[in-house]
Amino acid sequence: MTNSTQNTLARITSILALVVLLSCSSGRHIPNHTTGTSTGYDSQSSVGTENSNWQHKTTINNTHWDIESLDTARNVSYLSEVEKDIVLELNKVRVNPSAFARVYLVNRRQNYNDRLFHRPGQPDLRTKEGISALEECIRTLRNAAALDHLRPSRGLSSAAQDHVRDTGPKGKIGHMGQDKSTIDTRISRYGRWSGTIGENISYGPETAREIVIQLLIDDGVKSRGHRRNILESQYVYVGVAVGHHKMFTTMCVMDFATAYFDKR
């Protein structure tokens, strides 16, 4: 296979990974046993019920965030380093959304050429909306209120890991498990929850920050459901799992909850 052919295939794969992310809804579950609204591109439904390398702390981080207080998952034993980094990036968005936009999103403008997003050293990604989705995200974060940080949850992380293990090796996408599980049934295996729960899934990105940024921009997702989950004030706990996906190499599941009590 020639280098040209390999580069073409790599580019196609990257584009497909982005498209699949955009077609995956962010599961959201509404209080009082009402039906959860679908928040994904092309209205893929997901209904529910009620009931970064750590060693390289930059001056920017120390200026805008108290990293030590936000790195709530660093000392837990059940998460990998990238999963811990994801919790940190989520907390950075929540406690200082305008700084996150200024530090990490504004400089991405220069990488757009119409709907192509250029990544140095990697294949370009073809987006659905181009720079307009990025600009909307920047505006939203600049105007967003500061929120409390999220706390890691072993039970929610176990539920997220179940979905990775169930769907990743088979190359499946979406919130419904191959075992017919939903977010509700998965997180109820490991504890009891109340308030509101939600789920984000990404396919393709491998680093913590890129996973969070892609879900924040939410290109092609009309409802911006993934972004809404990240910025949801009701969420207090989060579980994260990253694993292999047969088609898109990497997938990440984030499960959120207002209140969650692990089973002993």
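See above for the structure.
Residues numbered from 1 in each chain as written. Predicted model: local features only at pLDDT ≥ 70, side-chain atom pairs only at ≥ 80, totals over all residues. Heavy atoms only, no water.

J.: What is the right way to look at the pattern of salt bridges in this model?
T.: Opposite charge on two side chains makes pairing possible when the charged atoms of those side chains draw close. In this structure the tally under the stated criterion is 15 salt bridges. The salt bridge involving Glu81 is made with Lys84; its shortest N-O contact spans 3.4 Å. Placement of the pair is Glu81 and Lys84 together in helix 4 (residues 81–95), with a separation of three residues, close to one helical turn. Notably, a salt bridge pairs Glu136 with Arg224, separated by 2.9 Å at the nearest N-O pair. (Salt bridge = Lys/Arg side-chain N within 4 Å of Asp/Glu carboxyl O. Helix = DSSP H or I, 4+ residues; strand = E, 2+ residues; numbered from the N terminus.)

J.: Could you clarify how one ought to interpret the nonpolar core in this entry?
T.: Side chains of a nonpolar character, in soluble globular proteins, are inclined to be buried together. The biggest cluster of nonpolar side chains holds 42 residues, and the ones touching the most others in it are Ile86, Leu90, Phe100, Leu141 and Met254. With seven residues, the single largest contributor to this core is helix 9 (residues 208–217). Leaving out residues up to four positions away in the same chain, Ile86 has contacts with Ala208, Ile211, Val212, Val240, Val242, Cys252 and Met254. (Core = buried A, V, L, I, M, F, W, Y, C linked by side-chain atoms within 4.5 Å. Buried < 20%, exposed > 50% of the residue type's maximum accessible area, 1.4 Å probe, protein only. Contact = heavy atoms within 4.5 Å.)

J.: Teacher, can you tell me more about the environment of Arg115 here?
T.: Along the chain, Arg115 turns up in the loop between strand 2 (112–113) and strand 3 (116–119). Separated by twelve residues in the primary sequence, Arg115 and Thr127 have C-alpha atoms spaced 5.2 Å apart. Ignoring any residue separated from it by four or fewer positions in sequence, one finds Arg115 in contact with Leu125, Arg126, Thr127, Lys128 and Gly130. Of the polar contacts made by the side chain of Arg115, one reaches the backbone oxygen of Lys128; its length is 3.3 Å. (Polar contact = N/O pair within 3.5 Å; in protein donor to acceptor, adjacent residues only side chain to side chain.)

Treat this as a map of the structure, not an account of what it does.
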